[in-house]
Amino acid sequence: EEKQCLASFAKMAELVPTLPLETRCPPLPLRQHGGFWLPEATLRRGVPAVHAVFAPRPTDVLLASYPKSGTTWLKALAFATAHRAVHPPSAHDHPLRRRNPHDCVPFLEIGFAFADDDADAVAAKLEELPAPRVLATHLPFSFLPERLRVVYICRDPKDALVSFWLFIRKSSESLGVDMESFPLQEALELFCEGRCFGGPQWRHVVEYWEASRRRRGTGGAGEQQVLFLRYEEMLRDAVGSLKTMAEFMGCAFSREEEERGVVEAIVELCSMEKLKEVEANRNGRTGLGVRGDAFFRKGVAGDWSSHMTPEMGKMVDQVVEDELRVRGSAF
Ligand code: A3P
């Protein structure tokens, strides 16, 4: 099934109008392909370009996530870690003190899907990024090119769902979304049917989880490997998680750096409190036109219960549990 999916990427332009359509989950119309619901433009323009135009490099690091699972935080941490020689975390003019993390680490497929430029111009911009390139994606694992080093972040689906709904509500004006027709109950039902951006969420996670198990410990340079991180674990032990991630990215912290407190300094620079103070994250908009402040809310585990009833929470847990049992996988 995975192979079939790859072969179909080249002819997506003709295929997309024939695929099942879902328009009830804002902000974008979704189409179903390869078992996932993805924005129409991502399928039509993004995915083919990622395969035909994007040229991966062995030093690239791809940050992957289901939406609202901690992507912004991961982007900040990975960017600050990869470029700490040029931009020490203590620098007053550090890019993360001036720009939104989404403007420091671009989304691979979203650039190709939504830029006014053609695919070659988008690819040329990616070529200019300083090595090691840090890029991000919401694509499922089965949609990615081979031989990429991937850091995946997974989050409690209930929190990802509530965070998504609140994000859409906060940015509804800039996204042109009418919230009257998108109550939380509707978002919940669509989520449980998997009919949402990147959904089904559990399938997104399971693909990366299985890939992380398959390739663990066998990879040499250039071989695809997935590091599977959990948002909740990162909240508990940000320093430990960051050390693991740096090692996986090929830029482990030296003992001397650890003694100087570089790891803690990066964690601090990328903390919710610090990022919330940045002007671009308060009053700015990202390059894609989304309110910068919409990406920073509470940043805790379990906040779903402030917005959903226990019954709504159970509905999510039950569907995820059932689907995982059918697949015979757990993460
Ligand atoms: P909440 O809405 O639960 O607060 P994404 O970055 O994938 O869009 O996910 C957004 C979620 O990550 C939001 O969760 C947001 O508050 C949280 N987040 C953003 N920056 C963070 C940071 N520096 N540390 C921890 N969580 C962060």
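Right, let's walk through the structure included here. Source: prediction; values computed, not measured.

The next subject is the site of the ligand. The ligand sits among 18 residues. The nearest are Lys-68, Thr-71, Thr-72, Ser-163 and Arg-297. Within the backbone of Gly-70, one N or O atom sits 3.1 Å away from an oxygen atom of the ligand. Within the backbone of Cys-270, one N or O atom sits 2.8 Å away from a nitrogen atom of the ligand. The fraction of the free accessible surface of the ligand (570 Å²) that becomes covered by protein chains is 96%. Those elements giving two or more residues to the shell around the ligand turn out to be helix H4 (71-82) and helix H16 (272-277). In terms of residue count, H4 provides more of the shell around the ligand than any other element does, three residues in total. Considering only residue class, the shell around the ligand consists of seven nonpolar, seven polar and four charged.

The subject of this paragraph is the pairing of strand S2 (residues 30-33). In the sheet, strand S1 (residues 21-22) pairs with S2 via two bridges, with the strands oriented antiparallel. Across the sheet, the residue bridging to Glu-22 is Leu-30, located in S2. Direction of pairing for S2 relative to strand S3 (residues 36-39): antiparallel, over a ladder of four bridges. From the neighbouring strand, Arg-31 faces S3, where its bridge partner is Leu-38.

Bringing the sheet that holds S3 into the picture now. Strand order in this open sheet of three strands is S1-S2-S3, and the pairing throughout is antiparallel. Both edges of this open sheet fall to S1 and S3, since each of them pairs with a single strand only. Running at roughly 80° to S3, helix H3 (residues 40-52) makes contact with S1, S2 and S3 of the sheet.

Conventions we followed
Residues numbered from 1 in each chain as written. Predicted model: local features only at pLDDT ≥ 70, side-chain atom pairs only at ≥ 80, totals over all residues. Heavy atoms only, no water. Near = heavy atom within 4 Å. Polar contact = N/O pair within 3.5 Å; in protein donor to acceptor, adjacent residues only side chain to side chain. Areas by Shrake-Rupley, 256 points an atom, 1.4 Å probe, with all protein chains shown as cover. Helix = DSSP H or I, 4+ residues; strand = E, 2+ residues; numbered from the N terminus. Nonpolar A, V, L, I, M, F, W, Y, C, P; charged D, E, K, R; others polar. Pairing = 2+ DSSP bridges. Contact = heavy atoms within 4.5 Å. Axes fitted to C-alpha atoms, helices over the stretch in contact; angles between N-to-C directions.

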